Amino acid sequence: MKLWTTFLHTLNHLWMDADDTRRAIPPEMLERLQRRVAASEQRHSGEIRICVEAGLPLSYLWRGAPARERAVTMFGKLRVWDTEHNNGVLIYLLLADHAIEIVADRGLARHVNAAQWQAMVVRMAEAFKEKRYEDGLTQALEETSALLMTHFAVGDAANQTNPNELPDSPVLQ
């Protein structure tokens with residue numbers, strides 16, 4: 001039975017592709033999300049990235065790797081860790097598993113506990129169950145922005161300058 005379940009899980013990931021991602025996040029929504037990220041980043045020194053993947057790469061499936069591992073890998077690949085104040089955040093969606101992961105760099109993670117992130121994930125999941133991806137992502141952006149403004153507001157002594165260190169556009173794969 002476990003072998004069959006593993007086979008179906010793998011097949012689901014291989015079946016889904018970039019077209020599924022574009023259907024979930026169409027171009028107009030992508031533009032609105034990009035504008036919201038840019039507007040958010042004007043108010044704090046943090047960097048927010050959104051990454052939506054249809055399915056895991058085969059190498060992850062063979063190893064039985066969880067979505068969290070892929071999110072951490074994408075956190076590195078997208079260079080979210082590479083910000084001056086170590087306050088980048090990745091909001092990661094894996095459509096095939098309906099998985100949501102939030103990865104925060106150490107500068108912000110020291111201020112925000114795991115329960116706060118998990119509560120945000122639960123709220124996003126409620127919206128996503130109803131296929132309201134934009135609502136869920138917008139809410140997550142607003143909540144992440146509020147946390148970053150609390151701890152890294154522009155104008156704080158440590159945050160006098162505010163360069164845009166990473167692209168604002170969500171990554172779809």
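What counts, and where the lines are drawn
- Residues numbered from 1 in each chain as written.
- Predicted model: local features only at pLDDT ≥ 70, side-chain atom pairs only at ≥ 80, totals over all residues.
- Heavy atoms only, no water.
- Helix = DSSP H or I, 4+ residues; strand = E, 2+ residues; numbered from the N terminus.
- Rg over C-alpha atoms; globule rule 2.2 N^0.38 Å.
- Contact = heavy atoms within 4.5 Å.
- Areas by Shrake-Rupley, 256 points an atom, 1.4 Å probe, with all protein chains shown as cover.
- Lys, Arg positive; Asp, Glu negative; His and termini not counted.
- Charge placed at Lys NZ, Arg CZ, Asp CG, Glu CD.
- Buried < 20%, exposed > 50% of the residue type's maximum accessible area, 1.4 Å probe, protein only.
- Salt bridge = Lys/Arg side-chain N within 4 Å of Asp/Glu carboxyl O.
- Pairing = 2+ DSSP bridges.
- Axes fitted to C-alpha atoms, helices over the stretch in contact; angles between N-to-C directions.

Student: Sorry, what's going on with the overall build of the protein here?
Tutor: Scanning the protein from N- to C-terminus turns up eight helices and four strands. Listing every helix and strand of the protein by position from the N terminus yields α-α-α-β-α-α-β-β-α-α-α-β. Relative to the compact-globule value of 16 Å for 173 residues, the protein shows a C-alpha radius of gyration of 16 Å, a close match. C-alpha extents for the protein along the principal axes are approximately 60 × 30 × 25 Å. Nonlocal contacts in the protein, meaning residues at least 24 apart in sequence, comprise 72% of its contacts between residues at least 6 apart. Here the protein displays about 9,100 Å² of accessible surface, and carbon together with sulfur accounts for 57% of that area. Within the protein, one finds 19 positive and 23 negative side-chain charges whose respective centroids are separated by 4 Å.

Student: Just checking my understanding: could you explain the environment of Met124 for this structure?
Tutor: Among the structural elements, Met124 can be located in helix 7 (residues 114-129). For Met124, a relative accessible area of 1% puts it in the buried group. For the pair formed by Met124 and Ala146, sequence separation is 22 residues and the distance between their alpha carbons is 16 Å. With residues near it in sequence (within four places) discarded, Met124 still touches Ile91, Leu93, Ile100, Ile102, Gly136, Leu137 and Ala140.

Student: Just checking my understanding: could you explain the pattern of salt bridges for this structure?
Tutor: Where charged atoms from two side chains of opposite charge come close, those side chains can pair. One pass over the full model with this rule turns up 12 salt bridges. Among the salt bridges present, the one from Arg32 reaches Glu134, with a minimum N-O distance of 2.6 Å. Linking Arg32 in helix 3 (residues 27-41) with Glu134 in helix 8 (residues 133-152), this pair joins segments that are 102 residues apart in sequence. Looking at Glu134, the relative accessible area reads 16%, which means it is buried. Overlapping salt bridges, with partners in common, bring together Arg32, Arg36 and Glu134 in one network.

Student: I would appreciate a short explanation of the sheet that holds strand 2 (residues 88-94) in the present structure.
Tutor: What links the strands of a sheet is backbone hydrogen bonding, and the strands pair in either a parallel or an antiparallel sense. Taken together, the four strands give an open sheet; going across it, the order is 3-2-1-4, and neighbouring strands pair in mixed fashion. The open sheet has two edge strands with one neighbour each: strand 3 (99-104) and strand 4 (171-172). Across six bridges, strand 2 lies against strand 3 in antiparallel orientation. The residue bridging Leu94 from the neighbouring strand is Ala99, located in strand 3. Along the sheet face, helix 5 (residues 67-77) touches strand 1 (47-53), strand 2 and strand 3 and points at about 40 degrees away from the line of strand 3.

Geometry only, nothing functional implied.
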